[in-house]
Structures are given as structure tokens and as C-alpha cells.
Amino acid sequence: MAKRISNKFWFKNEKEVMEKLGLEPVPGSGSGIRKEDGENDYILCQLKSTSAESISIKKIDVEKLYYHADQIGKIPLFVIQFLNGPLLIASPPD
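Residues numbered from 1 in each chain as written. Predicted model: local features only at pLDDT ≥ 70, side-chain atom pairs only at ≥ 80, totals over all residues. Heavy atoms only, no water.

1. Things to note about the packing of aromatic side chains
Here is step 1 of the chain: If you walk through the whole model with that rule in mind, you get one aromatic pair.
Here is step 2 of the chain: Seen in terms of ring centroids, phenylalanine 9 and tryptophan 10 are 5.2 Å apart; in terms of plane orientation they differ by 80°. Their pairing is edge-to-face.
Here is step 3 of the chain: Given a relative accessible area of 34%, phenylalanine 9 falls into the partly exposed group. (Phe/Tyr/Trp six-rings, centres within 6.5 Å; stacked < 30°, edge-to-face > 60°. Buried < 20%, exposed > 50% of the residue type's maximum accessible area, 1.4 Å probe, protein only.)

2. Things to note about the pattern of salt bridges
Here is step 1 of the chain: Summed over all chains, the structure comprises four salt bridges.
Here is step 2 of the chain: Note that glutamate 39 is salt-bridged to lysine 74, the shortest N-O span being 2.7 Å. On the criterion of sequence distance, the pair formed by glutamate 39 in strand β2 (residues 38–39) and lysine 74 in the loop between α2 (59–72) and β4 (75–82) is long-range, its members being 35 residues apart.
Here is step 3 of the chain: We note a salt bridge from glutamate 63 to lysine 59, for which the minimum N-O separation is 3.6 Å. With glutamate 63 and lysine 59 both in helix α2 and four residues apart, this pair spans about one turn of that helix.
Here is step 4 of the chain: The class for lysine 59 is exposed, based on a relative accessible area of 64%. (Salt bridge = Lys/Arg side-chain N within 4 Å of Asp/Glu carboxyl O. Helix = DSSP H or I, 4+ residues; strand = E, 2+ residues; numbered from the N terminus.)

3. Some points on the nonpolar core
Proteins that are soluble and globular tend to have nonpolar side chains buried together.
Here is step 1 of the chain: Judged by nonpolar contacts, Val17, Met18, Leu23, Cys45, Leu47, Leu77 and Val79 together constitute the single largest core of seven residues.
Here is step 2 of the chain: Going through the elements one at a time, α1 (7–20), β3 (43–50) and β4 are the ones with two or more residues in this core.
Here is step 3 of the chain: Contact partners of leucine 47, with chain neighbours within four places excluded, come to Glu14, Val17, Met18, Asp37, Val79 and Gln81.
Here is step 4 of the chain: Formed by five residues, the second largest nonpolar core is a distinct cluster that contains Leu65, Ala69, Phe78 and Ile80. (Core = buried A, V, L, I, M, F, W, Y, C linked by side-chain atoms within 4.5 Å. Contact = heavy atoms within 4.5 Å.)

Okay, structure coming up:
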């Protein structure tokens, strides 16, 4: 059985990904008043990361991102990360 990756690793990874995308990491990632994982003046971002070979995305997660972004007038950006692989980025069409 593979060793479980620590929460400390995931927090650090989230911060690094947000910074690579030019976004400010959101402290607490949605646990407080500020929602989602990263943002700047124009974008609100949600990151889903995995060390597995597949990932499940729930429709409600995407809907919440779109809702939160709409409430503050920002572009929603959904990022999927496979560790040691590419970042997949989805944003709504105009």
C-alpha cells in the first residue's frame, strides 16, 4: 500500500501552484469568508490535485466556483493537477 501524502505537502503544493499561475493563495482555502484556493484582481481559482491515476470532479464544486466568482465579478478558473504531470485548466466560454 502506498504511503499517504501529508496535509502539509498538499498545502505547500496548493500555494506553489497558485503562485505559478500568478494567483495569491487563499489562506484556509474556503474554510472562512474567502472561498476557493487562489485569486487575483480578475480570477478566482479552485484547484483539485491528486497523486492517483484518476480524479473525480463533482458538479457542485464547479457550480460553487462559478457562483463565488460571479458574486465578486471575477473569472472562474478550475485547475486539475496530476502530481508529476500536467495542469489541466478549464474556464467558462464568453
